[in-house]
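Results of the structural survey
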Amino acid sequence: MDERELVRVRAQLEDFAAGIFAGLRRSDQRATGLRYLRGLMLDGRRKSMQPMAERLGVDHQQLQQFLTSSTWDVAGVRRRLATAAVDVVAPQVWVVDDTGFPKDGKASACVARQYSGTLGKVANCQIAVSVHAATDAASAVLNWRLFVPESWDEGCVPGPDGKPANPHARRLRQQPVTLDAAGAKKPHTRVRLPPAEQIEQIRRRRTASKVPDTERYRPKWLMALEMLDELAEWGLRPPVLTADAGYGQVAEFRQGLTERGIGYIVATTSSTTAQPGDAQPVEVPYAGVGRYPTPRYPQPARSLKDLALTHGADATTVVRWRARLSTPDRDPDRPVGEMSGHFFALRVRPAGRVIRRGPQRGDDGVLPECWLLVQWPPGQDEPTDYWLSDLPADTPLAELVRLAKSRWRVEHDYRELKTALGLDHFEGRSWIGWHRHVTLTAAAQLFLTQLRTTRPKAVGQT
């Protein structure tokens, strides 16, 4: 939007900001919050503080102080923003996702060399885990967390016994092997600091970036469950939840959703194991000592790929789940068309140590049953995508496909958040500054979404 377009929606923006910033006690904080939203929505290539301040005609230190050292409660703003987002979007599904923020230096909070699905490689970046409310028409961010890598938690440094204090820390892996041009092993030359120096270095970085002492490394799927718990405390619950395979392949994540009464359809990998839906455990002879054994399945669990191959490609059905998005270069006289693919669904019983020990398995040894949704394009030797879902057994195939494919909206809106609203333009180094910036960016996007839903031809909308 340019300044003239913002003036046209000034009244709506002021009403929106008044609701979002209602918990801020000081009028100057509320005014600066509104000013920051305007800065994010004004046209401009960069949405970091100095370029925004120049466009707004204010001192950039005013914006910097508002993000990094002011006393306003970002959690309260997130709560009001999440409540407003659910009202605006009226979601059909919630989506758990994560995204990467490339960085050049090492000082920004929780930056590390780590894999980012957004970048498609290991890079120096921050990773954020997020929960979104979505429909095919719109999506909005409900909650954010900055992922804390192991290199930012001194509890992940092995102690004298070789074990880290953080129970979520990964087991020590062997030193990576590098091969030379001839394929021979090259010596690993990376020098690892002594544990005491590692701990001191981590503590200095955490202090400099003001990372709260309560924020420690834990896997992304656990962070997602924590955010869902926080949203539940705010009175918000998902109609159904979806996530990519980075979350869906984790049995603890799926089990956590079940324990919370949250229905799901999540992507997973072909190597995930399960029993066929009609498999039944059998009694195990009692040895005469100890506890009576739980009934067991006579055959070992099989991979989802094996189950799908056994079912066969001939079982697929063409399913159309939504209209294709129109593009600026598309001929307006040509029909847009629909997204479609070949799918089948069958009932399976996911296996694994976590599930066998979980509360859903009774004394009869029966594993909980769920849907396996498979996408198998024509001409392919095997399926390309797999999902698991605990939705009711009478759920139609078309509904399973529609929900499984609903993540696309979040990816679409992430582009707007980053390219138009400056989600990844924050140049500060503090933990609180990052969380405040992304919260305000989400607020700016929600305001634009509100304009789209109430005024489809509103200025500044695409």
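Residues numbered from 1 in each chain as written. Predicted model: local features only at pLDDT ≥ 70, side-chain atom pairs only at ≥ 80, totals over all residues. Heavy atoms only, no water.

**Observations concerning helix 3 (residues 27–41)**
- Taking 1.5 Å of rise per residue, 15 residues should cover 21 Å, and helix 3 covers 22 Å from first to last C-alpha, within 8% of that figure.
- Regarding helix 3, the residues found buried are Gln-29, Thr-32, Gly-33, Tyr-36, Leu-37, Gly-39, Leu-40 and Met-41.
- Summarising the contacts, the buried residues of helix 3 are in contact with helix 1 (3–8), helix 2 (10–20), helix 4 (49–56), helix 5 (60–68), helix 14 (408–420) and helix 15 (431–454). (Helix = DSSP H or I, 4+ residues; strand = E, 2+ residues; numbered from the N terminus. Expected span 1.5 Å × (residues − 1). Buried < 20%, exposed > 50% of the residue type's maximum accessible area, 1.4 Å probe, protein only. Contact = heavy atoms within 4.5 Å.)

**Details of the pairing of strand 3 (residues 121–134)**
- Burial analysis of strand 3 places 12 of its 14 residues in the buried class, which makes it a mostly covered element.
- Relative to strand 3, strand 1 (residues 93–102) is paired through 10 bridges, and the arrangement is antiparallel. Residue pairing for strand 3: Val-93 is matched across the bridge by Ala-134.
- Two elements, strand 2 (residues 112–116) and strand 3, share five bridges in a ladder whose sense is antiparallel. Bridged to Arg-113 within strand 3 is Asn-124.
- The turn joining strand 2 and strand 3, which pair antiparallel and follow one another in sequence, is formed by four residues; a positive phi near 75° is taken by Gly-120.
- As paired elements, strand 3 and strand 4 (residues 139–146) share seven bridges and run antiparallel to each other. (Pairing = 2+ DSSP bridges.)

**Remarks on unusual backbone geometry**
- Phi at Ala-90 is positive, roughly 50°, even though this residue is not glycine.
- Take Ala-90: it is sitting in the loop between helix 6 (74–89) and strand 1.
- In this structure Ala-90 comes out as exposed when scored by relative accessible area, which is 52%.
- Located in the positive-phi region is Lys-210, a residue other than glycine, with phi close to 55°.
- Tracing the backbone through its elements, the reader meets Lys-210 in the loop between helix 7 (195–209) and helix 8 (220–233).

**Let's talk about the pairing of strand 4**
- Of all eight residues in strand 4, eight are buried, a share of seventy percent or more.
- Hairpin connection, strand 3 to strand 4: the antiparallel pair is bridged by four residues.

**Quick word on the pattern of salt bridges**
- For the coordinates displayed, the defined rule picks out 24 salt bridges.
- Put simply, Arg-218 and Glu-226 hold a salt bridge, and the shortest N to O gap is 2.8 Å.
- Assessed through its relative accessible area of 9%, Arg-218 is described here as buried.
- Judged by relative accessible area, which is 30%, Glu-226 ranks as partly exposed.
- Where Glu-382 meets Lys-305, a salt bridge forms, and the shortest distance between an N and an O atom there is 3.0 Å. Here the residue Glu-382 occupies a position in the loop between strand 13 (370–375) and strand 14 (385–389), and Lys-305 occupies one in helix 11 (residues 304–311), the gap between them amounting to 77 residues.
- Among the residues examined, Glu-382 registers a relative accessible area of 33% and is labelled partly exposed.
- If you follow the salt bridges from partner to partner, you end up with Asp-153, Glu-154, Arg-203, Asp-213 and Arg-216 in one network. (Salt bridge = Lys/Arg side-chain N within 4 Å of Asp/Glu carboxyl O.)

**Notes on the nonpolar core**
- Core analysis: the largest hydrophobic core is formed by 105 residues, its most contacted members being Leu-37, Met-41, Trp-94, Trp-144, Phe-253 and Leu-440.
- Counting residues in each nonpolar core, the second largest holds 13 residues, with Leu-304, Val-348, Tyr-386 and Leu-388 among its members. (Core = buried A, V, L, I, M, F, W, Y, C linked by side-chain atoms within 4.5 Å.)

**Here's the deal with the confidence of the model for the chain**
- Chain-level statistics for the chain give a pLDDT mean of 89 and a share of 89% at 70 or above.
- Contacts for the low-pLDDT stretch residues 172–176, under 50 throughout, to residues beyond four places or in other chains number five contacts. (pLDDT = per-residue confidence, 0-100.)

**Observations regarding the packing of aromatic side chains**
- Throughout the structure, instances matching the rule amount to nine aromatic pairs.
- With centroids separated by 6.0 Å and ring planes inclined at 75°, the aromatic side chains of Phe-147 and Tyr-217 adopt a geometry described as edge-to-face. A residue pair is termed long-range when its members are at least 10 positions apart, and Phe-147 in the loop between strand 4 and strand 5 (178–179) and Tyr-217 in the loop between helix 7 and helix 8 qualify at 70 residues. Across the pair, exposure class does not vary: Phe-147 and Tyr-217 are buried alike.
- Aromatic side chains Phe-343 and Trp-387 sit 6.4 Å apart centroid to centroid with 40° between the ring planes, which places their arrangement in the tilted category. With Phe-343 in strand 12 (residues 338–350) and Trp-387 in strand 14, this residue pair connects regions lying 44 residues apart in the sequence. (Phe/Tyr/Trp six-rings, centres within 6.5 Å; stacked < 30°, edge-to-face > 60°.)

**What to know about helix 5**
- Among all positions of helix 5, only Leu-63, Phe-66 and Leu-67 are buried. The buried side chains of helix 5 occupy one side of the element, clustering within an arc of 95° when seen end-on.
- Looking at the buried side of helix 5, the elements it contacts are helix 3, helix 4 and helix 15.
- By the N-cap criterion, in which a side-chain oxygen at the helix start approaches the backbone nitrogen of a residue two or three places on, helix 5 is capped by Asp-59, the distance to Gln-61 being 3.0 Å. (Arc of directions from axis to C-beta. Polar contact = N/O pair within 3.5 Å; in protein donor to acceptor, adjacent residues only side chain to side chain.)

**Brief notes about the side chain of Arg-216**
- Structurally, Arg-216 can be placed in the loop between helix 7 and helix 8.
- Of note is the side chain of Arg-216, whose polar atom sits 2.9 Å from the side chain of Glu-154.
- Among residues more than four places away in sequence, those in contact with Arg-216 are Val-148, Asp-153, Glu-154, Asn-166 and Arg-206.

**Considering the packing of helix 3 against helix 15**
- For the pair helix 3 and helix 15, the least separation of the axes is 9 Å and the interaxial angle reads 70°. As the angle between them shows, helix 3 and helix 15 are arranged roughly perpendicular. The hand of the helix 3/helix 15 crossing is right-handed. Here Tyr-36, Leu-37, Leu-40 and Met-41 of helix 3 lie close against helix 15, whose contacting residues are His-437, Leu-440, Thr-441, Ala-443, Ala-444, Phe-447 and Leu-448.
- A breakdown of the residues in the contact of helix 3 with helix 15 according to their chemical character gives nine nonpolar, two polar and no charged. (Axes fitted to C-alpha atoms, helices over the stretch in contact; angles between N-to-C directions. Parallel < 35°, antiparallel > 145°, perpendicular 65-115°, else oblique. Left-handed = near helix turned anticlockwise from the far one by under 90°. Nonpolar A, V, L, I, M, F, W, Y, C, P; charged D, E, K, R; others polar.)

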